[in-house]
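# Results of the structural survey
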Amino acid sequence: MIHVPAGLIRMSTKYDWQHRAEPDASRSGAIDLWAAGKVLGGGSSVNGMLWVRGHPGDFDHWGALGCDGWTFDSVLPYFRRGETYERTGSCARGGDGPMHVSHVRTPHPLTEVFLEAAQEQGHKFNSDYNGFNQDGVSHAQVSQRRGLRDSAATAYLWPVWRRPNLKIRRKALVTRVVIEDGRAVGVEYLQGGKEVMARCESDVILSAGSFVSPKLLLLSGIGDPDHLRSHGIEVVAENRSVGRNLQEHPYASLIYTVNVPTINTEVTPTGVVKNGADLVVRRRGAATSPVPHAVLFAGGEDSHPSVFQGTFAPMAFGPPPENTSWSRLKRRFSRSSSGTGAHDVHRMHPFESPAVTVLPCVLHPEGRGRISLRSSDPTAPILLEHEVVGHPCDMDKLIEACEMHRDIMNSAAFAPYILEEHFPGKAVKSEDDWRRLLRIASWRGEHAVSTCRMGSDDEAVVDPSLRVRGVDNLRVADASVMPTLTSGNTNAPAIMIGEKASDLVMGRSADS
Ligand SMILES: Cc1cc2nc3c(=O)[nH]c(=O)nc-3n(C[C@H](O)[C@H](O)[C@H](O)COP(=O)(O)OP(=O)(O)OC[C@H]3O[C@@H](n4cnc5c(N)ncnc54)[C@H](O)[C@@H]3O)c2cc1C
């Protein structure tokens, strides 16, 4: 189910760390389980596959924040080097990199309608949002190779797994970085109930993602001294930013019932057999479908990053529930899965009738969360605090994004197909209505970043060479180092960071 794109909707919880957050005060105390891939390839093995580099201005902003060597011109070679894009021809795109990027193999017919509807509302068509210009409405690009998921594991690890200088330890939990005389000399990990140490001569590189890379730094004595001492951890290097600055995209969903079949209605025993066969024979059909078939970026200019993203999905999954009464909605959200009161991506049920979903998103939220330790026990869960719409600007922008997407869905192009706005429905009209709704029904994009923020200032966790400040021979290379969120989903920039990290470690430049 990892490799089959549509398998995402039935992905087992055993591949997910499910980091349980504290109640979110901005959403009536909702408790989320933040997803994170617990498998080789991490998030890239369980994600929605949408391939988005971000706006060129995102990286120029990183440069302006003191991340020398991370402006768009500097990172473009790494984006190119990391990918094979099926439609080559642009000097912005890569033609022979490990990750395969393709268009949706069997796009749903309503995808073209969405493209037309967005243009009717003044958005221009953009044939490649991963080129030099991001804004506009486009066909989705996904990390797939001939209809199957491509991940950091299939693209980077599988081709080299027999190399004698590579050892992959599975079912191993890294518990801390071993630091001697201010220098990282290895890591400790638990495997089969035993504590093991792996020593190294040169750099230790943490790539445990935005939740666990900061956790491991804290467990190793790198962080806020008061926090470390409160858990009895000896302070090795003082850095108050470790685990701070957590950023995540606020999302909403609008669901419309339609009069043509959509992918959710294929989730039946017959549909699974038919589409499974289509996958095997032609590598096409609903089984190869990712969630997004089209995307919209809006609000940006040449040098200014996009403000909003919208994803068009020719399918609908619940919750939300059957009617839009807010009290019922709240009950449904707070009840949800496993009897824990947690909102959980593994418990989404396909709608029985044909329906499509648009997912408006705020690309550069002001809200910040944090990750800290609950205990010095490395097997204990992290303490995760974050509010999706806690910052007033984020709420205002999310409302604007929802209204923009409702206008698209109400355009003439969609009129022949839409039966009704199922969610949130006609009852939501005023700004106050949206505000009340989003306090319950907004959610996250699974794009956590910035908990080991890169920069050249004294507060940064890593410097622009990804070295942890205050400790020798220790680097972090994953989404946690992004100084700010990029304009879009975060897998492509995480892979770019890995590509650039390899050059930094080897002392090479992009063109060598
Ligand atoms: C459900 C979901 C949907 C998403 N959808 C999209 C999308 O459509 N498009 C997109 O671009 N992005 C998407 N993302 C985000 C994207 O996948 C991540 O930004 C990206 O994978 C981050 O990469 P990373 O290397 O920073 O961390 P990760 O991919 O999380 O990798 C961290 C790795 O470290 C391992 N690890 C963690 N702790 C330990 C430990 N103590 N010991 C040993 N190993 C450990 C993990 O198992 C994992 O393999 C999604 C993410 C999720 C979870």
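This write-up is about the structure you can find in this document.

## Here we look at the overall build of the chain
The number of helices and strands found in the chain is eleven helices and 27 strands. Relative to the compact-globule value of 24 Å for 512 residues, the chain shows a C-alpha radius of gyration of 22 Å, a close match. The principal-axis extents of the C-alpha atoms in the chain amount to approximately 70 × 50 × 45 Å. Out of the 512 residues in the chain, the part that is buried amounts to 50%. Within the chain, contacts between residues separated by at least 24 positions form 69% of all contacts whose residues are at least 6 apart in sequence.

## Observations concerning unusual backbone geometry
With an omega of 5 degrees, the peptide bond running from Phe423 to Pro424 counts as cis. Inspection of the secondary structure puts Pro424 in the loop between β25 (418-423) and α10 (431-441). Positioned with a positive phi, Lys171 is a non-glycine residue whose angle comes to about 50 degrees. Mapped onto the elements of the fold, Lys171 is located in the loop between α4 (152-157) and β9 (172-180). On the basis of neighbour counts, which here come to 7 C-beta atoms within 10 Å, the residue Lys171 falls in the exposed class. A positive phi angle, close to 70 degrees, is found at Asn245, a residue other than glycine. With respect to the helices, strands and loops of the structure, Asn245 is situated in the loop between β14 (237-238) and β15 (250-251). On the basis of neighbour counts, which here come to 23 C-beta atoms within 10 Å, the residue Asn245 falls in the buried class.

## Quick look at the nonpolar core
For soluble globular proteins, nonpolar side chains are generally found buried alongside one another. Among the nonpolar cores identified, the biggest contains 132 residues, and Leu398, Leu438 and Val462 are the most heavily contacted of them. Counting residues per element, this core draws most heavily on helix α9 (residues 392-409), at seven residues. Ignoring any residue separated from it by four or fewer positions in sequence, one finds Val462 in contact with Cys452, Met454, Arg467, Val468, Arg469, Arg475, Val476 and Val481.

## Some words on the packing of α9 against α10
Contact pair α9 / α10: the axes reach a minimum separation of 10 Å and the direction vectors enclose 110 degrees. Taken together, the axes of α9 and α10 are roughly perpendicular relative to one another. Along its contact with α9, which presents Met395, Leu398, Ile399 and Cys402, the element α10 presents Glu431, Trp434, Arg435 and Leu438.

## A look at the pairing of strand β24 (residues 382-385)
Alternating positions in β24 separate cleanly, Ile382 and Leu384 being buried on one face and Leu383 and Glu385 remaining unburied on the opposite face. The pairing of strand β23 (residues 370-373) with β24 spans four bridges and is antiparallel. Counterpart to Ser372 in the pairing with β24 is Leu383.

## Some words on helix α7 (residues 269-282)
Spanning 14 residues, α7 covers 20 Å between terminal C-alpha atoms, matching the ideal 20 Å at 1.5 Å per step. Within two residues after α7, Arg283 carries a phi angle of roughly 55 degrees, on the positive side.

## Considering the site of the ligand
Looking at the ligand, there are 31 residues lining it, with Gly42, Gly43, Gly48, Gly209 and Asn489 nearest. Elements supplying a minimum of two residues to the shell around the ligand: β9, α5 (209-219) and α11 (491-506). Taken together, the residues of the shell around the ligand sort by class into 15 nonpolar, 13 polar and three charged.

## Some thoughts on the sheet that holds strand β10 (residues 183-191)
Pairing is antiparallel in the open sheet, where three strands are placed in the order β9-β10-β11. Single-partner strands in this sheet number two, and they are β9 and β11 (194-199). In this sheet, adjacent strand axes meet at a mean angle of 25 degrees when their direction is disregarded. Summarising the sheet, β10 and β11 pair through six bridges and their orientation is antiparallel. In the strand pairing of β11, Leu190 is matched with Glu195.

## Some words on the pairing of strand β16 (residues 254-258)
Counting buried positions along β16 yields four of five residues, so the element is predominantly enclosed. Relative to strand β22 (residues 355-362), β16 runs antiparallel, the two being bridged by four bridges. Within β22, the residue paired with Tyr256 across the bridge is Val356. Where β16 and β25 come together, four bridges link them in antiparallel fashion. Pairing of Val258 across the sheet is with Ile418, part of β25.

## Regarding the sheet that holds strand β3 (residues 83-85)
Taken together, the three strands give an open sheet; going across it, the order is β3-β4-β6, and neighbouring strands pair in mixed fashion. Only two strands of the sheet have a single partner each, and these edge strands are β3 and β6 (141-142). Here β3 pairs with strand β4 (residues 99-103) via three bridges, running parallel. Along β4, the bridge assignment pairs Tyr85 with Val101.

Calculation rules
- Residues numbered from 1 in each chain as written.
- Predicted model: local features only at pLDDT ≥ 70, side-chain atom pairs only at ≥ 80, totals over all residues.
- Helix = DSSP H or I, 4+ residues; strand = E, 2+ residues; numbered from the N terminus.
- Rg over C-alpha atoms; globule rule 2.2 N^0.38 Å.
- Buried ≥ 20, exposed ≤ 12 C-beta atoms within 10 Å, placed from the backbone.
- Contact = placed C-beta atoms within 7 Å.
- Core = buried A, V, L, I, M, F, W, Y, C linked by C-beta atoms within 7 Å.
- Axes fitted to C-alpha atoms, helices over the stretch in contact; angles between N-to-C directions.
- Parallel < 35°, antiparallel > 145°, perpendicular 65-115°, else oblique.
- Pairing = 2+ DSSP bridges.
- Expected span 1.5 Å × (residues − 1).
- Near = placed C-beta within 6 Å.
- Nonpolar A, V, L, I, M, F, W, Y, C, P; charged D, E, K, R; others polar.

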